[in-house]
Amino acid sequence: MLIQGCYQPHKKMFFRVCSRCLHVSWNVVSVMSTNPEELNGDGFGAFVALHGGALQSSGVPQVYWRNLYYKITNEVYDAGDVFGMMQVQHEAEGEDGERGKGNPGVVIGCKVVVTRGSGLEASDPTSIFLVDHAWTYRVEHARQQLEQIPGLLPRMASLMGVDFHGEVPTLDTVELILERMWKYNQTYQLSQGSAEEKVPVWYIMDEFGSQVQHSDHPSCCMAPFFYIQGQLAYSLLWPLQDLQEGDEVTRDYAYGETNPLLRRCRLLPWIHDDLEGVSSVITEPADSYYEAIARENREQLPVEVQPSTIPKDKILKVFTEMSQVRNNLTHPCFILTEEEEEADIIWSYDHIKDYRKLSEERAHVMLNQFPCESIVTVKDCLAAVARRAIGGPTPAWLPETFNLQTELPQFIKHYQLRQQRGEDNHWICKPWNLARGLDTHITSNLDYIIRQRESTPKVVCKYLDDPVLFSREEAGMVKFDIRYMLMLRSVQPLRLYVYDVFWLRFANRPFSLDHFDDYQKHFTVMNYAEGVQLKQVHCDEFIPMFEQQYPQHPWKDVEVSLFKAFKELFQAASSRPAPYGICPYQSSRAIYAVDLMLKWCQGQNGERIMQPQILELNFSPDCARACLYHPDFYNHMFQTLFLDQPGNCPVTQIV
């Protein structure tokens, strides 16, 4: 049954939430009648200069650009002149999930059709349309906005087919919208600004745009567009073919994906698929994986050099722009220099790229990083090389990890098998190369995880559903993580040290498997968050408190298992030549911050044991706390790494 929908052609009321300031406003936009031919040519030229690259990358045909400029600058929302929304009464959903091609979960669905009698010609320069965004947000703000911004929750409930009655949002309604919105979400990312500003933005198109259904053979294309002058985001819609009155407007929800299996995976939020015949088994990637990373990183590998011998009485000149080193390196065997050309040691915050030139021209200069160390400092590489440690699956000291770019089918199958077995299915999605919990998501919603693939490249790791907790008198049983500083003195032979002082970070609220957008419950990085408590406990205080809470688990025994995991990781990472392993450049040294947690596991005899879980390794870590509480921190680092004198430093040799 088709029912003509109502869509105002010349006046449009829209609801906008600004993701940065949480500002909400209601606006009524009246269409102006300016003729596109009368537009100022210089204005259009500036528009193309600013937006031409984005329009080309989105595939917007150039024939539409001038009229796009006209419609944006005059706020012309004329889609209602050409299209209408139709309600469609579906039969009961079949086992094949056919109704999932739209937005499942309701008996009455909608689709968009051409209603103009003359139809729509793809060659017509005016055949491009602005679609507004009903809700623009970042994920960490979604619940707060639904609960607090007047009018947002009932509109989203109506748009998504969620029953909503009354004015006060119920917890169940909010949860249902937070679950269902991943069938409607789209995303874009700002290319400039701080790390926080570059976190992907998610948006839901208005009622019109959200009802454009999927087709493997779409009649139209849609793409997000950010208008720089107006600081506004829209979606653009244009036809891929001529359309007649009554023809349906469809788009490809997996646009650009040509691999048949990946298309099935990406369309799974709308079209059910049990991925029959797909294996969940993951192993270390092929050599081509590491070779592609090496090409992307553009590192020029060094030539082989001999280890340099340093005279005992020589004072080494250190060039660095890092204030933590400049302010805290006071060891008498080192002196700072302002001239990089005369340095014996270069301690750089930025990644070094041209190792070849340094090895050929200044082989004696020691560096604070290794070629190809990204195989342990980037999360997808860390997971890949860790599998090398045991020759197959993920080792016990790393959470189960899948690369959403290359292992999506295996992950989905693994998720489905766990679901069938009734096992916990909470996962955490992390960007490959960001820290501090930025753009990190915890969920058991498979649609949510699959859609993360459309934003920044991510890994998905099994969320620790049974972590070892720490009792805080003022907060209860909370999550905590541990940071150790590792010192890599050389790769061949492998010489790895750990700093005996370690650092603790604590959540501020009791742990439970719910409210995963509650940062202070599920995350421990509080030193970058505004308005939250930062719990400081020195490791010397922590150890007796920990042993009092867990008397059967002496910290020395815990550290044995931690150090064993560190050793196995670096043995795996150094077991093959570059670019498949860390390059054994004789003039390289490095420190890495390794973050880890502990989880409960069952031992061979059925006893509960604490299993280390390495979360990530960080290059050039923030050592502010280390310097504050241990002023000799960098003295110890430099003495161990560059003087090869660890004897009177608080370090332990692991390998």
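For the structure, check the block above.
No experiment lies behind these values; they were computed from the predicted model shown.

Caption draft 1: Quick look at the pattern of salt bridges. Following the criterion strictly, the structure yields 35 salt bridges and no others. One salt bridge connects Arg608 with Asp466, and the closest N-O pair in it is separated by 3.6 Å. Here Asp466 lies in the loop between strand 21 (458-462) and strand 22 (470-472) and Arg608 lies in strand 28 (residues 608-619), a separation of 142 residues in the sequence. A relative accessible area of 48% means that Arg608 is categorised as partly exposed. Looking at Asp466, the relative accessible area reads 33%, which means it is partly exposed.

Caption draft 2: Looking closely at the pairing of strand 24 (residues 480-490). The element strand 24 is largely enclosed, with a buried count of 11 among its 11 residues. Judged from the seven bridges that link them, strand 24 and strand 27 (residues 590-602) form a sheet pairing that is antiparallel. Each bridged residue has a counterpart across the sheet, and for Met487 the counterpart in strand 27 is Ile591. Note that strand 24 and strand 25 (residues 495-499) share four bridges and pair antiparallel. If you follow Ser490 over to strand 25, its bridge partner there is Arg495. Connecting strand 24 to the next strand, strand 25, in antiparallel fashion are four residues.

Caption draft 3: Representation of the sheet that holds strand 15 (residues 334-336). One open sheet holds the four strands; their spatial order is 15-14-16-17, and the pairing between them is parallel. Because the sheet does not close on itself, it has two edges, and the strands there are strand 15 and strand 17 (366-367). Two strands pair when backbone bridges link them, and strand 14 (residues 316-320) and strand 15 are joined in this way by three bridges, in the parallel orientation. Directly across from Val318, in strand 15, lies its bridge partner Leu336. Contacting strand 14, strand 15, strand 16 (345-347) and strand 17, helix 19 (residues 633-642) crosses the sheet at an angle of about 130° to strand 16.

Caption draft 4: The arrangement of the packing of helix 8 (residues 287-297) against helix 12 (residues 379-386) in detail. Where helix 8 contacts helix 12, the axes come no closer than 12 Å and their chain directions differ by 150°. By the angle between their directions, the pair helix 8 and helix 12 is classed as roughly antiparallel. In the packing of helix 8 onto helix 12, the handedness of the crossing is left-handed. Of helix 12, the residues touching helix 8 (which contributes Tyr289, Tyr290 and Ile293) are Asp380, Cys381, Ala384 and Val385. Residue composition of the contact of helix 8 with helix 12, by class: six nonpolar, no polar and one charged.

Caption draft 5: Representation of the packing of aromatic side chains in the model. Under the defined criterion, the tally for this structure stands at 50 aromatic pairs. Between Tyr499 and Trp503, the aromatic rings sit 6.3 Å apart at their centres with planes inclined by 10°, giving stacked as the arrangement. This pair shows no difference in class: Tyr499 is buried, exactly as Trp503 is. The ring of Phe44 carries Arg66 above its face, with NZ or CZ at 4.1 Å from the centroid. For Arg576, the ring lying beneath its charged end belongs to Tyr580, and the centroid distance is 4.5 Å.

Caption draft 6: Representation of unusual backbone geometry within the structure. With an omega dihedral of 0°, the bond running from Gln492 to Pro493 counts as a cis peptide bond. Within the secondary structure, Pro493 is located in the loop between strand 24 and strand 25. Pro579 follows Ala578 through a cis peptide bond whose omega is 5°. On the secondary structure map, Pro579 appears in the loop between helix 17 (555-573) and strand 27. With a phi angle near 60°, Arg298 is a residue other than glycine that sits in the positive phi range. Considering the arrangement of structural elements, one finds Arg298 in the loop between helix 8 and strand 14. Note on Arg298: relative accessible area 65%, which makes it exposed. Positive phi is not limited to glycine here, since Ser620 has a value of about 50°. Checked against the element boundaries, Ser620 lands in the loop between strand 28 and helix 18 (624-629).

Cut-offs and rules
- Residues numbered from 1 in each chain as written.
- Predicted model: local features only at pLDDT ≥ 70, side-chain atom pairs only at ≥ 80, totals over all residues.
- Heavy atoms only, no water.
- Salt bridge = Lys/Arg side-chain N within 4 Å of Asp/Glu carboxyl O.
- Helix = DSSP H or I, 4+ residues; strand = E, 2+ residues; numbered from the N terminus.
- Buried < 20%, exposed > 50% of the residue type's maximum accessible area, 1.4 Å probe, protein only.
- Pairing = 2+ DSSP bridges.
- Contact = heavy atoms within 4.5 Å.
- Axes fitted to C-alpha atoms, helices over the stretch in contact; angles between N-to-C directions.
- Parallel < 35°, antiparallel > 145°, perpendicular 65-115°, else oblique.
- Left-handed = near helix turned anticlockwise from the far one by under 90°.
- Nonpolar A, V, L, I, M, F, W, Y, C, P; charged D, E, K, R; others polar.
- Phe/Tyr/Trp six-rings, centres within 6.5 Å; stacked < 30°, edge-to-face > 60°.
- Lys NZ or Arg CZ within 6 Å of the ring centre and 35° of its normal.

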